[in-house]
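An overview of the molecular structure
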Amino acid sequence: MREWREKLALATVLLIVIGMPLAALGYQFGLRPVLAGSAQWVELTGRLPQRGGWSPETIRVEVGRSVRLVVHSEDVVHGFAIGKLGVDIGWVYPGQPKIVEFTPQRAGRYTFYCTTWCTEGHWRMRGILEVYDPNDPAAVERPVDPPQTDWQAEGVNLDAPHPAAEYPILRPSAARGAAVWRSSSDLPDAVQVLSRLDLRRQSPAQVFAMLRKGRVSDLTLTSLSERPPAELWDVVAYLWQEGTDPESVRLGRRLYQVNCAACHGEKGDGKGPAAVALTSAPTGHEAGHGHGLQAPTDFTDARSMAGGSGLIYYGKLVRGGMGTGMPYWGDIFTEQELWALVDYLWTFLFDLSWTPLSEEP
């Protein structure tokens, strides 16, 4: 009996010491690939930036093959998305991994990133997904859909303050501006006016000045020059609305809420929950990279917004805000998404509501 018990104990020890590791290896290299089929199975773990951020920081997969990505969080709630690939799994809670499956169709370098403010230094939670094409190995080094608008060639100074000499006291309304336009019988169609403006490069204050003079290029707008400033600003808002695609504003709103509101605030007033961390004294790694030095931009500052242009905000999105704590987004957002965000920023200056944005899903 004693001998039998000793054999049983020995077998138990051998099972623990040898059997369990063998079972784990069998699952890792045998069963799991079978369950995954031909998919490329990748494990990704998120940790706070000071604990290492994403691990691994670089992932390589093959173009045209399904990827099964398992995203873990080891500490706090993180978010996960891959720019320009349409992958966004939302929040990932500690101990509750999420699995997403996708098939990359284009080779190149994509950026994956945390989509929810997790702590100071959140902007460092980025990594690279390399999509490799065996038939075109060099393609893995190419950026995917880089920004198309060359703001640098146009000499835009992103860092210079741009306060307008004249700016609206009350929030201009596109609806009121449309009413003003309709009540002025001598005005051409707004489309004709817009064809002579470049609302991506001209500031609202510049357009306001043209209307006040009663002339936009070769068009005469005499009746507008006689309107009071508040009504002229409403007309400026109307022209901005007519020159903007509402679908673009809705897209910009979604992107803003996920990626910008934590710092700039849902109302655009620069009072997001992360704003306090950005204005605190920089230390260590943060100070070395010039981050954490300025409060987020207040997009409800009418004087500054009226003096800015869409190209300035586009450039800041692409490059990031030097010394402001704002990361660069040019390698994450597509050209359409970048301009959609700019379109949405104007809603903090103008009331452009086609339908109340608050009712949008």
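Further up the page is the structure itself.
Residues numbered from 1 in each chain as written. Predicted model: local features only at pLDDT ≥ 70, side-chain atom pairs only at ≥ 80, totals over all residues. Heavy atoms only, no water.

**A short note on the layout of surface pockets**
For clarity, the threshold we go by: Think of a 1 Å grid over the protein atoms and nothing else: a 1.4 Å probe that fits but is trapped marks a cavity, an open set flanked by protein within 12 Å on at least five of seven lines marks a pocket, and residues with an atom within 4 Å of a point count as lining. Grid points are joined across faces, edges and corners, and a volume is the space filled by probe spheres set on the points.
In this structure, the largest pocket encloses a volume near 920 Å³. Contributing to the lining of the largest pocket are 47 residues, with His264, Pro296, Thr297, Phe299 and Met326 lying nearest its centre.

**A short note on unusual backbone geometry**
Put simply, the rule reads: To qualify as a helix, a DSSP run of H or I must reach at least 4 residues; to qualify as a strand, a run of E must reach at least 2; elements of each kind are numbered from the N terminus. Relative accessible area decides the class of each residue, using a 1.4 Å probe on protein chains only: under 20% of the type maximum gives buried, over 50% gives exposed, and in between gives partly exposed.
Following Ser55, the chain continues into Pro56 via a peptide bond in cis, with omega recorded as 0 degrees. Residue position: Pro56 is located in the loop between β2 (54–55) and β3 (58–62). In the Ramachandran plot, Asp145 falls in the positive-phi region, its phi being about 45 degrees despite a non-glycine side chain. Relative to the helices and strands, Asp145 is located in the loop between β9 (126–132) and α2 (174–183). Note on Asp145: relative accessible area 30%, which makes it partly exposed.

**Quick word on helix α13 (residues 335–345)**
For the record, the criterion: The contact criterion used throughout is that any non-hydrogen atoms of two residues lie within 4.5 Å.
Where burial is concerned, most of α13 is hidden: 9 out of the 11 residues are buried. Within the span of α13, buried status applies to Glu335, Leu338, Trp339, Ala340, Leu341, Val342, Asp343, Tyr344 and Leu345. Structurally, α13 contributes buried residues whose contacts are with α7 (246–259), α11 (302–307) and α12 (310–319).

**Details of the packing of aromatic side chains**
What counts, and what does not: Each Phe, Tyr or Trp ring (for Trp, its six-membered ring) is paired with any other whose centre lies within 6.5 Å, and the angle between the two planes then decides the class: stacked below 30 degrees, edge-to-face above 60, tilted in between. Only when the NZ atom of a Lys or the CZ atom of an Arg is both within 6 Å of the ring centre and within 35 degrees of the ring normal do we say a charge sits over the ring.
Applying the stated rule across the entire model yields 18 aromatic pairs. Centre to centre, the rings of Phe208 and Trp233 are 4.4 Å apart; their planes meet at 10 degrees, and the pair counts as stacked. Here the residue Phe208 occupies a position in helix α4 (residues 204–213), and Trp233 occupies one in helix α6 (residues 229–242), the gap between them amounting to 25 residues. Residue Phe208 is classed as buried on the basis of its relative accessible area of 1%. With 5.0 Å between their ring centres and 10 degrees between their planes, Trp329 and Phe333 make a pair best called stacked. Counting every residue linked through ring pairs, the aromatic cluster contains Trp240, Tyr256, Phe299, Tyr313, Tyr344, Trp346, Phe348 and Phe350. Lying over the aromatic face of Trp339, Arg200 brings its terminal NZ or CZ to 4.0 Å of the ring centre.

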